[in-house]
Amino acid sequence: MINLDLYAPLMLPKEELFTSGHRACQGCAEALAVRIVCKALGRNSIVAMATGCMEIVSSPLPTTAWQIPWIHVAFENAAAVASGVESGLKALMRKGRLPHKKITIAGMAGDGGTADIGLQALSGAMERGHDMIFVCYDNEAYMNTGIQRSSATPFGASTTTSPAGKVKAGQETWKKNMPEIMAAHGIPYVATACSAYPIDLYEKVKRAALVKGPAYVHCLSVCPTGWRIPSGDAIRYGRLAVETAAFPLYEVIDGKYQLTFDSPKLKPITDYFKGQGRFRHLTPEAVARIQERITRDYEKLRAKCENVNK
Amino acid sequence: MTKPADQFKWQELTVGFVIPEPGTAREYHTGDWRSTHPVWDEKKCIKCGRCWVFCPDMAVFQKADQYFTMNPDYCKGCSICSRECPTEAITMLEGK
């Protein structure tokens, strides 16, 4: 019996809308996420991207790695620009200056541009109900400027502005639950994805593009440089984050929760922490505390999914 | 190749720094960064495409005979393909 899942990658489109020659670090899973997302968006799309790693690596001035129209905007207003582009196109089509056709508008930002700096613009765009997608590439810190903490940095992670030392053990606050905040806006589609599951990521972005109204995809993208792991392990750690429920994969379709990856027996969080330089200082007590919180959050999420199925 | 940014005169720049041509990053060869390179063992390869789908640099491509190989112009040598290969058909060797 052939395992057909193994051959699933070959079903993805071959066309690359995010080209080679971008300057991302070796083994950057965020560049991989952008690549898969672009495949899903297709050629008829416009991207507005906030400052961040992907903006820096994809467009050093004389060159660009994008094959689709792409606008670089300031840190805080990727969602505002994307919603403006959507409204502008709608007006032009209404006045007959452009032929009526489906153009996908995507806003993209890192975790800083989404959870910290861009939050109010994003919240506004989602509330106004523009027909757009917002994709957050979450690498859990401001990696582009040299690994500073953001509100998406998990508890205990050592970054340059939350360093681990004799007194403090890294980041002291918990990761902001961005997908929940977006789901609370009551938008038609919210999903979490990870570039270690490319088919799942592709399907989710495709679904988000087809949904009428705002959609939000939160994509965990492992950063080998900032997480202090070997470049070849980026995919493995993405998978471990999902299997240990440090980053559960789920969708919220019209308020209905649905787990897209569920395992009856989760791996212990130590499997995920082991080998990551940013967690190397953690004491067994701290790990136990994190494990307790992750299990509790996951049970909460599971309960939401079960309530829907009843 | 287009000139580096510091060799541009201001008169040559487009209004709003628009880059009119798409995908010009291809002219910059990131393969220079590589210190290890992947080698495919075609006896073990089952042509599943996992190396292709997981390459963050779009440097793996399918040849005419359906086997995969890397493009030396862009491969940064991150070794994701060799770690993710289900049949361990890819090994990383030292040097370019």
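Caption draft 1: The overall build of chain B, seen in detail. Of regular secondary structure, chain B possesses two helices and four strands. Listing each helix as α and each strand as β along chain B from the N terminus yields β-α-β-β-α-β. Compactness check: chain B gives a C-alpha radius of gyration of 17 Å against a globular reference of 12 Å for 96 residues, more than 25% above the reference. Residue pairs at least 24 apart in sequence account for 65% of intrachain contacts in chain B once pairs closer than 6 positions are excluded. As displayed, chain B offers around 5500 Å² of accessible surface, 54% of which is attributable to carbon and sulfur atoms. Seen as two clouds, the 12 positive and the 13 negative side-chain charges of chain B have centres 3 Å apart.

Caption draft 2: The arrangement of the sheet that holds strand β4 (residues 133-138) of chain A in detail. Residue and element names in this part refer to chain A. Judged by pairing direction, the sheet is mixed, and its eight strands sit side by side in the order β2-β1-β3-β4-β6-β5-β7-β8 without closing on themselves. One side of each edge strand has no neighbouring strand; the edge strands of this open sheet are β2 (70-72) and β8 (256-259). Each strand of the sheet is rotated relative to its neighbour by a mean of 20 degrees, with strand direction disregarded. In the sheet, strand β3 (residues 104-110) pairs with β4 via five bridges, with the strands oriented parallel. Within the sheet, the bridge partner assigned to Ala109 lies in β4 and is Cys136. Across the sheet, helix α3 (residues 78-94) touches β1 (45-49), β2, β3 and β4, and the angle it forms with β3 is around 175 degrees. In this fold helix α7 (residues 198-210) packs onto β3, β4, β5 (189-194), β6 (215-220) and β7 (250-253), with an angle of close to 160 degrees to the strand it touches most, β5.

Caption draft 3: Structural context of the packing of aromatic side chains. The tally for this structure, following the rule as stated, stands at 11 aromatic pairs over all chains. Pairwise contacts between aromatic rings join Trp227(A), Tyr272(A), Phe273(A) and Phe279(A) into one cluster. Lying over the aromatic face of Trp52(B), Arg35(A) brings its terminal NZ or CZ to 5.2 Å of the ring centre. Lying over the aromatic face of Trp227(A), Arg278(A) brings its terminal NZ or CZ to 3.9 Å of the ring centre.

Caption draft 4: Region of interest: the pairing of β1(A). All names here are of chain A. Most of β1 is tucked away, with five of its five residues classed as buried. Both faces of β1 are covered, namely the face carrying Ser45, Val47 and Met49 and the face carrying Ile46 and Ala48. Sheet analysis places β1 next to β3, joined by five bridges and oriented parallel. The partner of Val47 across the bridge, within β3, is Ala106. Read as a crossover between parallel neighbours, the route from β1 over helix α2 (residues 53-58) to β2 is right-handed.

Caption draft 5: Representation of the packing of helix α1 (residues 29-41) of chain A against α7(A). All names here are of chain A. With their axes 8 Å apart at the nearest point, α1 and α7 run at an angle of 45 degrees to one another. Regarding the angle of α1 to α7, the classification is oblique. The handedness of the crossing between α1 and α7 is right-handed. Where α1 approaches α7, its residues Ala33, Ile36, Val37, Lys39, Ala40 and Leu41 are matched on the opposing element by Pro198, Leu201, Tyr202, Val205 and Lys206. Within the contact of α1 with α7, the residues separate by chemical class into nine nonpolar, no polar and two charged.

Caption draft 6: Structural detail: the side chain of Ser59(A). Residues and elements named next belong to chain A. Turning to its location among the elements, Ser59 is positioned in the loop between α2 and β2. Since its relative accessible area comes to 15%, Ser59 is described here as buried. Within polar-contact distance, the side chain of Ser59 engages the backbone oxygen of Glu55 at 3.1 Å.

Caption draft 7: Broad picture of the pattern of salt bridges. Residues and elements named next belong to chain A. Applying the stated criterion to the full structure yields 22 salt bridges over all chains. Salt-bridge contacts for Arg278 lead to Glu140; the nearest nitrogen and oxygen are separated by 2.9 Å. Here Glu140 lies in the loop between β4 and α6 (178-183) and Arg278 lies in the loop between α10 (269-273) and α11 (284-309), a separation of 138 residues in the sequence. The class for Arg278 is buried, based on a relative accessible area of 3%. The partner of Glu299 in a salt bridge is Arg302, with the nearest N and O atoms 3.5 Å apart. Of this pair, Glu299 and Arg302 both sit in helix α11, separated by three residues, roughly a single helical turn. Overall, Glu299 belongs to the partly exposed group, its relative accessible area being 41%. Its relative accessible area of 17% is what places Arg302 among the buried residues. Salt bridges sharing partners connect three or more residues here, namely Asp138, Glu140, Lys175 and Arg278.

The rules behind these values
- Residues numbered from 1 in each chain as written.
- Chains lettered and ligands numbered in written order.
- Predicted model: local features only at pLDDT ≥ 70, side-chain atom pairs only at ≥ 80, totals over all residues.
- Heavy atoms only, no water.
- Helix = DSSP H or I, 4+ residues; strand = E, 2+ residues; numbered from the N terminus.
- Rg over C-alpha atoms; globule rule 2.2 N^0.38 Å.
- Contact = heavy atoms within 4.5 Å.
- Areas by Shrake-Rupley, 256 points an atom, 1.4 Å probe, with all protein chains shown as cover.
- Lys, Arg positive; Asp, Glu negative; His and termini not counted.
- Charge placed at Lys NZ, Arg CZ, Asp CG, Glu CD.
- Pairing = 2+ DSSP bridges.
- Axes fitted to C-alpha atoms, helices over the stretch in contact; angles between N-to-C directions.
- Phe/Tyr/Trp six-rings, centres within 6.5 Å; stacked < 30°, edge-to-face > 60°.
- Lys NZ or Arg CZ within 6 Å of the ring centre and 35° of its normal.
- Buried < 20%, exposed > 50% of the residue type's maximum accessible area, 1.4 Å probe, protein only.
- Right-handed = clockwise from strand over helix to strand, strands pointing away.
- Parallel < 35°, antiparallel > 145°, perpendicular 65-115°, else oblique.
- Left-handed = near helix turned anticlockwise from the far one by under 90°.
- Nonpolar A, V, L, I, M, F, W, Y, C, P; charged D, E, K, R; others polar.
- Polar contact = N/O pair within 3.5 Å; in protein donor to acceptor, adjacent residues only side chain to side chain.
- Salt bridge = Lys/Arg side-chain N within 4 Å of Asp/Glu carboxyl O.

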